[in-house]
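Chain by chain, the residues:
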There are 2 protein chains.
Amino acid sequence: MARTRLTPERESELYAAVLDLLREVGYDALTMDAVATRTHSSKATLYRQWGSKPALVVTALRHNKPGTLGDVDTGSLRGDFHAVLSRSDDCQMEKDAALMRGLSHAVHNNPDLLQALRELLVEPEMTGLDTLLRRAVDRGEVSPDNPALRYVPHMLIGAFATRQLVEDRPVDQAFLLDYVDSVILPALGV
Amino acid sequence: MARTRLTPERESELYAAVLDLLREVGYDALTMDAVATRTHSSKATLYRQWGSKPALVVTALRHNKPGTLGDVDTGSLRGDFHAVLSRSDDCQMEKDAALMRGLSHAVHNNPDLLQALRELLVEPEMTGLDTLLRRAVDRGEVSPDNPALRYVPHMLIGAFATRQLVEDRPVDQAFLLDYVDSVILPALGV
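Conventions used here
Residues take numbers from 1 onward in each chain, read along the sequence in its written order. By the order in which they are written, chains take letters starting at A while ligands take numbers starting at 1. Per-residue local features of the predicted model are confined to residues with pLDDT of at least 70, and side-chain atom pairs are confined, for both listing and counting, to 80 or more; whole-chain, interface and lining totals are unaffected and use all residues. For the side-chain quantities, the full set of heavy atoms in the structure was used; hydrogens and water were omitted. A pair is scored as a salt bridge if a Lys or Arg side-chain nitrogen falls within 4 Å of a carboxyl oxygen belonging to Asp or Glu. For the purposes of this entry, the term helix denotes a DSSP run of H or I that reaches at least four residues, the term strand denotes a run of E that reaches at least two, and both are numbered from the N terminus. With a 1.4 Å probe rolled over the protein chains alone, any residue whose accessible area is under 20% of its type maximum counts as buried; one over 50% counts as exposed, and the rest are partly exposed. Alignment of the copies relies on least squares applied to C-alpha atoms, considering only residues that score at least 70 for pLDDT in both. Contacts are assigned to residue pairs that have any heavy atoms within 4.5 Å of one another. Domain limits in this description derive from either an automatic procedure or a database domain assignment. Throughout, the accessible surface (probe 1.4 Å) given up by two parts as they are put together, summed over both, is called the buried area. As used in this structure description, the phrase polar contact means that two N or O atoms lie within 3.5 Å; if the pair is within protein, one of them must be able to donate a hydrogen and the other to accept it, and residues adjacent in sequence are counted only when both atoms belong to side chains. Each residue is assigned to one class: nonpolar for Ala, Val, Leu, Ile, Met, Phe, Trp, Tyr, Cys and Pro, charged for Asp, Glu, Lys and Arg, and polar for all the others, Gly among them.

Chain A has the name TetR/AcrR family transcriptional regulator in an unreviewed UniProt entry, where Streptomyces drozdowiczii is given as its organism.

Turning next to the pattern of salt bridges. A side chain with one charge can pair with a side chain of the opposite charge if their charged atoms come near. Residues and elements named next belong to chain A. Under the criterion given, the structure shown has 26 salt bridges over all chains. Between arginine 78 and aspartate 181 there is a salt bridge, with the nearest N and O atoms lying 2.8 Å from each other. With arginine 78 in helix α5 (residues 77-86) and aspartate 181 in helix α9 (residues 173-187), the pair connects residues that are 103 residues apart, well separated along the chain. Judged by its relative accessible area of 42%, arginine 78 is partly exposed. Looking at aspartate 181, the relative accessible area reads 27%, which means it is partly exposed.

For the match of chain B to chain A, the screw axis carries a shift of 0.0 Å, the RMSD comes to 0.0 Å, and the turn is 180 degrees. Such values leave the two copies arranged in the relation of a two-fold axis. Residue Gly158(B), judged by its C-alpha, is the member of chain B lying nearest the rotation axis, at 1.8 Å. Comparing contact sets, 100% of the residues at the interface of chain B also lie at the interface in chain A, consistent with an isologous, same-surface contact.

Residues and elements named next belong to chain B. Within the secondary structure layout, leucine 6 lies in the segment before α1 (8-25). On the basis of relative accessible area, leucine 6 is assigned to the buried category, the value being 15%. A C-alpha to C-alpha distance of 9.0 Å links leucine 6 and glutamine 49, two positions 43 residues apart in sequence. Residues in contact with leucine 6, not counting those within four places in the same chain, are Glu11, Leu14, Gln49 and Trp50.

All names here are of chain A. Its domain assignment divides chain A into domain 1 (1-64) and domain 2 (67-190). With 12 residues of domain 1 at the interface, the matching set in domain 2 holds 13 residues. Counting each side, the surface lost to burial between domain 1 and domain 2 is near 1,200 Å², with a carbon and sulfur contribution of 73%. Of all residues in domain 1, the largest losses of buried area upon contact with domain 2 belong to Arg23, Tyr27 and Val58, amounting jointly to 42% of the total for that side. The tally of links between domain 1 and domain 2 comes to zero salt bridges. Scanning the region where domain 1 abuts domain 2 turns up one residue pair in polar contact (both at pLDDT 80 or more). Put simply, the parts of the chain that give the side of domain 1 that touches domain 2 at least two residues each are α1 (8-25) and α4 (53-63). Among the elements that line the side of domain 1 that touches domain 2, the one with the most residues is α4, at six residues. Tallied by class, residues from the side of domain 1 that touches domain 2 come to seven nonpolar, two polar and three charged.

A few words now on α4(A). Residue and element names in this part refer to chain A. Where burial is concerned, most of α4 is hidden: nine out of the 11 residues are buried. Listed in full, the buried residues belonging to α4 are Lys53, Pro54, Ala55, Leu56, Val57, Val58, Thr59, Ala60 and Leu61. In this fold, the buried residues of α4 make contact with α1, α2 (32-39), α3 (43-50), α6 (90-109) and α7 (111-138). Two or three places before alanine 55, at the start of α4, stands the capping residue serine 52, its side-chain oxygen 3.2 Å from that residue's backbone nitrogen.

Written out as structure tokens, the structure reads:
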């Protein structure tokens, strides 16, 4: 897809508007018409640049992420997890959690959204996480056959997704850091 | 609330119909009118018996559960977790996961639903889980100051909630049993 006609600033602006709309009305009610109106662009431009609504939404979500997990390299697994979690402040985390709640519902009725999420967001993050975990194995911090290695994504996303239901409090940095130290690192034998 | 006018069979039938509707249309679109029509009862009866839509929905969810966690007592924590997970077959688990996905979205726009879920479902289950964990501590299987103890609900619900997104596969018994053995028990030092 040719994106040469949009400046990076304009692209960021567009993605921010898509995420605002997503938070306001949810995925199902978010139409390309609404995005076009909100961003003062034409639907033709949106389809030319992003191809489809799921691709636009997921690209906006990815754009919102601060870098790749694999780029974080502090020299220890604990340091890496803490560095990753320190990239977002509490306000950003609560916004991300709200988006994720909305999308986890929407994916069930929208297989094309699930596919876009997996291809454009989940898989690149998994690859980054694998890099980070492989370095911990190479340093000898984690045994290569530790069975919890394959469940690190479930642990991380699960912590993110369940605090509100379990504790009636939104997710924040202090909670996630303590979850890493109390659950994820011990399960990995670190 | 007086429930003397409904037989247990009729009550079960009603709860099953509420869960069917919940799966079909979601919480927001589930109206007391729709429940009344589906179950051939009057709205007055529904409100007299359950007081409100969130209370009816959550009571139906709780009715669907096989007993309390605290009643499971096999003599070891691993045995208890495995016994709890063996009470539901894969089909039931996928249905439960679908319900939970729908509700985790709905709670955000319905504070009264979140409150009913917490009071009628989450808190009793937590109490049961506490009983089960306290027995493991009393047996000396888990150290009383293990920091993962407070996160067992997050780990369990998180596993349940994230498999579809992470692995593109529905949750099943084999996955949950392996998650218990690979993550939860090691985090607890068992």
